[in-house]
Structure formats: structure tokens, C-alpha cells
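# Report on the structure
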There are 2 protein chains.
Amino acid sequence: MEVARAAGVSKTTASDALRRSGRVSEKTRQLVAETADRLGYTPNLSARSLRAATTGAIGLHLPEVLTRSEYYMSFVFGVIDQASRHDYDVTLLTSRGARARAAFHRLDGVVLGDPLVTDPVVHGLLASSVPVVTCERFTGDAEPAGTVRSDHAAMLSLLFDRLHDAGAARPALLASSTITDWGAILQRAYREWCERRGTAVRLRELPYGAPPEVTQDEIRALLSAEPGIDALVCAPDGSAAAALPVLREEGREVGRDVLLAACVDSGPLAHTDPPITAIDLRPREAGAACAELLFDLLAGRADEGAVRDLPIGLVERGSTAPRG
Amino acid sequence: MEVARAAGVSKTTASDALRRSGRVSEKTRQLVAETADRLGYTPNLSARSLRAATTGAIGLHLPEVLTRSEYYMSFVFGVIDQASRHDYDVTLLTSRGARARAAFHRLDGVVLGDPLVTDPVVHGLLASSVPVVTCERFTGDAEPAGTVRSDHAAMLSLLFDRLHDAGAARPALLASSTITDWGAILQRAYREWCERRGTAVRLRELPYGAPPEVTQDEIRALLSAEPGIDALVCAPDGSAAAALPVLREEGREVGRDVLLAACVDSGPLAHTDPPITAIDLRPREAGAACAELLFDLLAGRADEGAVRDLPIGLVERGSTAPRG
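Residues numbered from 1 in each chain as written. Chains lettered and ligands numbered in written order. Predicted model: local features only at pLDDT ≥ 70, side-chain atom pairs only at ≥ 80, totals over all residues. Heavy atoms only, no water.

The helix and strand inventory of chain A stands at twelve helices and twelve strands. The proportion of buried residues among the 324 residues of chain A is 56%. Considering only residue pairs separated by 6 or more positions, chain A has 67% of its internal contacts joining residues 24 or more positions apart. In the form shown here, chain A has an accessible surface area of approximately 13300 Å², with 48% of it arising from carbon and sulfur atoms. (Helix = DSSP H or I, 4+ residues; strand = E, 2+ residues; numbered from the N terminus. Buried < 20%, exposed > 50% of the residue type's maximum accessible area, 1.4 Å probe, protein only. Contact = heavy atoms within 4.5 Å. Areas by Shrake-Rupley, 256 points an atom, 1.4 Å probe, with all protein chains shown as cover.)

Listed below in C-alpha cells is the structure:
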């Protein structure tokens, strides 16, 4: 590329310097940056893509605590769908440390589902020369090459509005941990909604991967602490279905005495009695959108720092029918 | 290794020759084979594992037509669970041709879920030097290094026995295509069961990946061709749930007028009205068992050609309750 030639360094060095990959000296970095400024060069991914688009594989990394959820299974298959369309393989990165770093270099790019600030693999990837697309925002310091996100705050607020319209005055949130940006956004959106409506916050947080029995114990504890609850929104994947028998054993008729909704739609929720209202996060589309953004970045069809919105939906079912 | 030294060839050549990998001449292969015989050498995987266990990744390849099923999602996560325990990454092979062959060489071994004889990637893998473990038998010529399989014939026969005991005299099978060994085994087991019981075969076959509307049309066609059907067993993943509304619209009460069962259990089946009896194929355990067999082969803890049995189960629910 032109900048490399003018600065008298190799293309790889110029590319690393512009990307601040940590592999070049501060002096070289400055030289390259000044040359790029002088030439009016805006860093984009084409140099990276020319260098990197050779392995035939993209990577995918998920927070380990989450891999048991149906959401992530669909997300993974969305990434695979899209990669397959480009005749690319998908490497699921489970390894840590030196082996993980070696794996990065055999990949054209990586998709991170829900990047945790506490995950060393996430930090390693974001510091590497491999372009990274995250699903949901990374709340740490580094900037991914691209981000796909949805407006979870607006959707949760809409859901609580609907519950309110259906007659619920004291709705509660069974929350997910704030270690993911999604979990944090939901808790914040619920608190803000309560403030706007002038109603008390009724919230209980579950760690990721809590088994159904623990989930049910927490729901019992929430109902016993807040017996006036007339609507329950369950954030953790699978927790709304687990709530049904608990509400029934407490003598509450779901859809009448208490409204019930889930923040993560899944197959069973359409078939429970009553069927459960849920936010459709469209995980397969989310995975596909992340992979597509990565391929667009690699091909120079998207600019570094691109943020794309994935629309999500609300599926209203019998569990939130208006009380008559 | 001793054989290589005695035959005067490199370890790699000796190893390839013993594995019949197709990369050595027939003359060399014979020389190596005779030397091995003379030395009383039994080929095992230790030479392979020493050579191969260096990439930190295993591969996984699935038939493209099947990747939308919940079964395969769980299977994939079973492989990932196990790989993660060994600090290995998992590369999902979607690519074809030269790129696929290049990918094989960056893998210590590969798991094949339901290897189709019609899939060129399957043939490429089985002809390569990479050890392969299949889930279900490969019905073509090549021999995988290991196989994990379940006794689907016995389980389907047990299911039809239970339906018979519950009063069904004219049970039908909505079958899966015979392109997978599983699909072929089920059709054969059903036909044999009918012959043993002296009842007519009532069977309709669906291609893999048929959408729910097509599935429902086929069920309507089956019911109209065979109005006397008093039990329906649905093989394709998701087809039993799709059958429920069709049976209802035909005025048949499931669990009374007609019994209904699925060959592939999944989340929704426990929640339908009535809940649907199903064979639990234990896909997560199957994926984990395949990966574990691969790691055992790589470490010399299992012999080439090993076959392991994965127990499966029958979950009886309201859809097959005895008729009173």
C-alpha cells in the first residue's frame, strides 16, 4: 500500500502500526501515522483483508458460562450458515492462553458473542491483529472492528408497557447477571421504567447457567418477599418455563392472577399452557449478521468501527392476556 | 517407529502406508505391510497421534441438510464441551474442495455427524491422514478410525411394542430419508416390526429439511390414504409437533383416538398438549462421546476401528397413554 511505500516499511508493518497491534515500536508507529496523515490516508480494513483473507476460516468465541442456552446454539448456527455461504469454515475457540493466540493467526477474523470484560480470550483477540465483530457492545477499553447490537432497552420498556396496559401495577424482573452488556441493559431499563411509572423496583438476579431448581427457588423467594407481584418478566434463557409450575403451586393462574413473560424466546414457550409471551432475540439472524459484517469488513464493504442494528421482536401469547 | 526403520522409509510414509491413506505407492504400501507383519506390528494410532496431536483443534462436519435441527445443535455443543475440557478448539467444516483439504491438515482429527455417502467432504476426510470418528455408521467403503452408534432398531421396535400394548393395531411411520444410516435403520426396523406383527406397512417418507407446511401436507396425505391409522410415529426432527394441529383439525384426539410419538425428542415435546412421547437420542452426550473417542484414539487409549455404544432412551408422555 501507498503508506507503506512512502514510510519505507513493509505492508505488514504499516498495517500493524495503523491498527496499533502492539507488534511495532512506538517510533515506527509514529512514522507510519505521520505518513498516513500526510497522504490523507484513512485506515480501513482493506490492507488487513488483503493480508488476512487467506485462511478460509473465521473464529467464534462465546462466554463459557452461556454455551448451554438455546439462544447460543441458534447464534452459532447463524454464523455457520453465513460462513458456509462464503465457503468458510468456523472455528469455535474454546482454548485459552498460548494455544488460543496461535489459533487466532489461522483465522481471517473472529465473531464474539456477548464479549465479557472478564474473559482473557476476549482481551487477547481484541489486542491481536485479527478483525473482531462482537454481538452486543464490548464494555471494556478496546474497540472491535464491528458490532451488531439490538435495542434491548426499548424492547424491555415496551414489554413492561404492555404488561401495565394489561393491568399489571407491580411487575417484577427476574434478572440476568450484569456481566454481559445485555444483562446490564435489561436491569437498567427496568429500573428506569419503574422510575418513570413511579413503581417500586422488584428485582432478583440469577447467575448465568443456574439450574432450573435454583431458578425456581429464586422465584419462590421473590414471590415470598413481594407477595403483591402481578407480573413477572424472566430474563435468563429458560427461566420463564421454570416459573410456570412455581406460580401454579402458589395458586396463581398465569395470564389472570399473574402475567408472565420471557426476555429470550425459545421453542417450548409457544407450547406451554398458557403459551408464554417473549422477546424474540432472533439469535440465528444475529449470528448471521455478525458473520456478514465480518465478511464485509474483510472485503472492504464496511468501515472499521461499523455498528449494525439487529431488529428484535415481541411475541405476545396467552401468558400476558389482558385481565377481564 | 520400528516398522519405518526396518522398511527404510520415513515414519510418515510408514504411518500413511499402514493407514492406506492413498498418498503412498502400492509398492511402498506392500513393503511396509510385509515389514509390519514380519515384526508382528499391529497398527494403532500412537504413531498418528504423535505426528498429529499438535494443532490444538479438532474438526466437526455435519450433513448440510441437517444443520437446522435442534438435535444437531445439541450434538455440536456436546463436541465443544468435550473439546473444551481438553483445551481444544473445534472447527466446523463447511467448505468444499481444495479449501476443505487444506483445513484437514490444521486439525488433529475430525468428528462426522451422520456421514452421508453422497458427501464429497466425507470421502475426502476418510481418505485423508486425519483420524475420523463418525456418529452412526458410514455405509460407504472407507473405515473410520472410530464410530459411536446407538441401537435405533431396538428402540423403535420397543416404541411400536408400547403403542401396540396401548391398543394401536394400525400404526404408521412418517419416515426420514434413507440417505442417513439412521433414517434407513428406522424404516427397516418398522418394516420388520410390521412383518413380525403381521400388520400392513403404512409409511410415508419426508426429505431432510422439509418445512412444517410440507410436513403437515404429507401427514394429511398419509391420513387420507390410510384413514384407519391409530398411531403415528414421526421420525423427522420437529414433525411430531407439526402433526398435532393436523390431527386435531381431522377431529382426532391425540392420546385417545390416535397415539402420537416422535423419534427425536426436543424441548417443545414436553410442553405440548398432550405432551408427546419421544425417543431421547441424547445428542449432547453423542457429540461428547464422539469427541472423547477421538481424543482416546489420538492418545492411544482406543484402538483403530473402535465402536462405542451410546445408550438412548424412551420418554413416555401423554400422547401415547393407553386407551381406556
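Moving on, there is more to tell.
Okay, helix 7 (residues 120–127) of chain B next. Residues and elements named next belong to chain B. Every buried residue belonging to helix 7 is among Val121, Val122, Leu125 and Leu126, and all of these are buried. When helix 7 is viewed along its axis, its buried side chains cluster within an angular range of 130° and face the same direction. Taking the backbone nitrogen of Val121 as reference, a side-chain oxygen 2.9 Å away marks Asp119 as the first, capping residue of helix 7. (Arc of directions from axis to C-beta. Polar contact = N/O pair within 3.5 Å; in protein donor to acceptor, adjacent residues only side chain to side chain.)

Relative to chain A, chain B is turned by 180° and slid 0.1 Å along the rotation axis, the superposed coordinates differing by an RMSD of 0.3 Å. Taken together, the rotation angle and the small translation identify this as a two-fold axis. Both copies share a contact surface, since 100% of the interface residues of chain B are interface residues in chain A too. (Least-squares fit on C-alpha atoms with pLDDT ≥ 70 in both.)

This paragraph deals with the sheet that holds strand 9 (residues 259–262) of chain A. Residues and elements named next belong to chain A. Taken in spatial order, the six strands of this open sheet run 7-6-8-9-10-12, and their pairing is mixed. Taken across any chain shown, the strands that pair with only one partner, and hence form the sheet edges, are strand 7 (203–206) and strand 12 (313–315). The average angle at which neighbouring strand axes cross in this sheet is 20°, direction not considered. Summarising the sheet, strand 6 (residues 171–176) and strand 8 (residues 231–234) pair through four bridges and their orientation is parallel. Along strand 8, the bridge assignment pairs Ala172 with Leu232. Across the sheet, helix 11 (residues 239–249) lies against strand 6, strand 8 and strand 9, angled at about 160° from strand 9, the strand it touches most. (Pairing = 2+ DSSP bridges. Axes fitted to C-alpha atoms, helices over the stretch in contact; angles between N-to-C directions.)

We now examine unusual backbone geometry. Across the junction of Asp273(A) and Pro274(A), the peptide omega takes the value -5°, indicating a cis bond. Inspection of the secondary structure puts Pro274(A) in the loop between strand 9 and strand 10 (277–280). Phi at Asp87(A) is positive, roughly 60°, even though this residue is not glycine. Position of Asp87(A) among the secondary structure elements: in the loop between helix 5 (70–85) and strand 2 (89–92). Note on Asp87(A): relative accessible area 23%, which makes it partly exposed. Positive phi values are uncommon outside glycine, yet Arg282(B) reaches one of about 50°. With respect to the helices, strands and loops of the structure, Arg282(B) is situated in the loop between strand 10 (277–280) and helix 12 (283–298).

These figures come from the coordinates and say nothing about function on their own.
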